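Observations on the model geometry
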Amino acid sequence: MPSAPSLRRVFLSKVLSGVCALGLGLTQVACSKKGEQFVGIDITGADYARDFLLTDHLGRSRGMKDFRGKVVVVFFGFTQCPDVCPAAMAELAEVRKQLGKDGERLQGLFVTLDPERDSPDVLRAYMANFDASFLALRPQPQQLSEVARSFKVYYKKVEGKTASSYTLDHTARSYVYDTQGRVRLITRHGTGPAGLLSDVKILLAQAA
């Protein structure tokens, strides 16, 4: 007769398998088609964060169709953000580095919530701090609220001592897309590069 610990392991395995089969998308029990567990929050099939059409810092119009064949990670922020934004982009750059040759199949996108100060030149210099392959997308002021709403991203200007010294409170999370351009995961700030690396590897393996 199996021991109590063995029975518990069998029971837990069946429970997790059932969760995967039901597609409940729980934060730490979200599963890929092959049974691997995602670290990020599984939002496969979500009716938001589906696509965009924005100009990058090189002046080119971009949408998800431009990145087919790559896992895409999208982060909303602003270049004068003191900590959260640079930390998120640095972690993404580390993930790309850790992927080795597969790093070419990962596309990092930074969407500015501050087009007033984040000019194309500012964004170009900002991306150079992290990875030459990363692109910054700059909504026109009239586009910004619509794009943020379509991604369920919160942002609010916080006035500073001068008109140009304001900061922004904003949602701190990344959206992860599979190689077919479908939104799959949300990664909360502070998760760390190891979790995102694991999730990207799963998505790349699914595309193989």
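Residues numbered from 1 in each chain as written. Predicted model: local features only at pLDDT ≥ 70, side-chain atom pairs only at ≥ 80, totals over all residues. Heavy atoms only, no water.

As for the environment of R188
Along the chain, the position of R188 falls in strand β12 (residues 183-188). Using a relative accessible area of 52% as the deciding quantity, one classes R188 as exposed. Here the alpha-carbon distance between R188 and R173, two residues 15 residues apart in the chain, equals 4.4 Å. (Helix = DSSP H or I, 4+ residues; strand = E, 2+ residues; numbered from the N terminus. Buried < 20%, exposed > 50% of the residue type's maximum accessible area, 1.4 Å probe, protein only.)

Some details on unusual backbone geometry
The backbone of A49 sits at a positive phi, close to 55°, despite the residue not being glycine. Mapped onto the elements, A49 comes out in the loop between β3 (41-42) and β4 (54-56). Assessed through its relative accessible area of 1%, A49 is described here as buried. Positive phi, normally seen in glycine, also occurs at K152, with a value near 55°. Within the element layout of this structure, K152 appears in the loop between α4 (141-150) and β9 (155-158).

Notes on the side chain of S174
Within the secondary structure, S174 sits in strand β11 (residues 173-177). For S174, a relative accessible area of 13% gives the class buried. Look past the residues within four positions of S174 in its chain and what remains in contact with it is V73, V74, F75, L185, I186 and T187. (Contact = heavy atoms within 4.5 Å.)

A closer look at the pairing of β12
Where burial is concerned, most of β12 is hidden: 5 out of the 6 residues are buried. Judged from the 2 bridges that link them, β3 and β12 form a sheet pairing that is antiparallel. Each residue of the ladder has a partner; that of D42, found in β12, is L185. Where β11 and β12 come together, 5 bridges link them in antiparallel fashion. The partner of Y177 across the bridge, within β12, is V183. Linking β11 back to β12 in an antiparallel pair, the connection comprises 5 residues, with G181 at a positive phi of about 85°. (Pairing = 2+ DSSP bridges.)

Brief notes about the pattern of salt bridges
A full pass over the atoms with the stated rule returns 9 salt bridges. Taking the shortest distance from any N to any O, the salt bridge between R96 and D131 comes out at 3.4 Å. In this pair, R96 sits in helix α2 (residues 84-98) while D131 sits in the loop between α3 (120-128) and β8 (135-138), placing the two residues 35 residues apart along the sequence. Residue classification places D131 among the buried positions, given a relative accessible area of 16%. The partner of D114 in a salt bridge is R117, and the shortest N-O contact between them spans 2.6 Å. (Salt bridge = Lys/Arg side-chain N within 4 Å of Asp/Glu carboxyl O.)

Points about the nonpolar core
One broad rule of soluble globular proteins: the nonpolar side chains tend to lie buried together. In terms of nonpolar packing, the biggest core is built from 56 residues, with F76, F110, F151, Y175 and Y177 touching the most fellow members. The residues touching F110, leaving out its near neighbours within four places in the chain, are F75, G77, F78, T79, C85, M89, L123, Y126, M127, L135, A136 and L137. (Core = buried A, V, L, I, M, F, W, Y, C linked by side-chain atoms within 4.5 Å.)

Remarks on the pairing of β8
The sheet contact formed by β4 and β8 spans 2 bridges and is antiparallel. Counted as the bridge partner of D56 is L137 from β8. Pairing of strand β7 (residues 106-112) with β8, which is carried by 3 bridges, proceeds in the parallel orientation. In the sheet register, V111 faces β8, and the bridge partner there is L137. Regarding the hand of the β-α-β motif, the stretch spanning β7, α3 and β8 is right-handed. (Right-handed = clockwise from strand over helix to strand, strands pointing away.)

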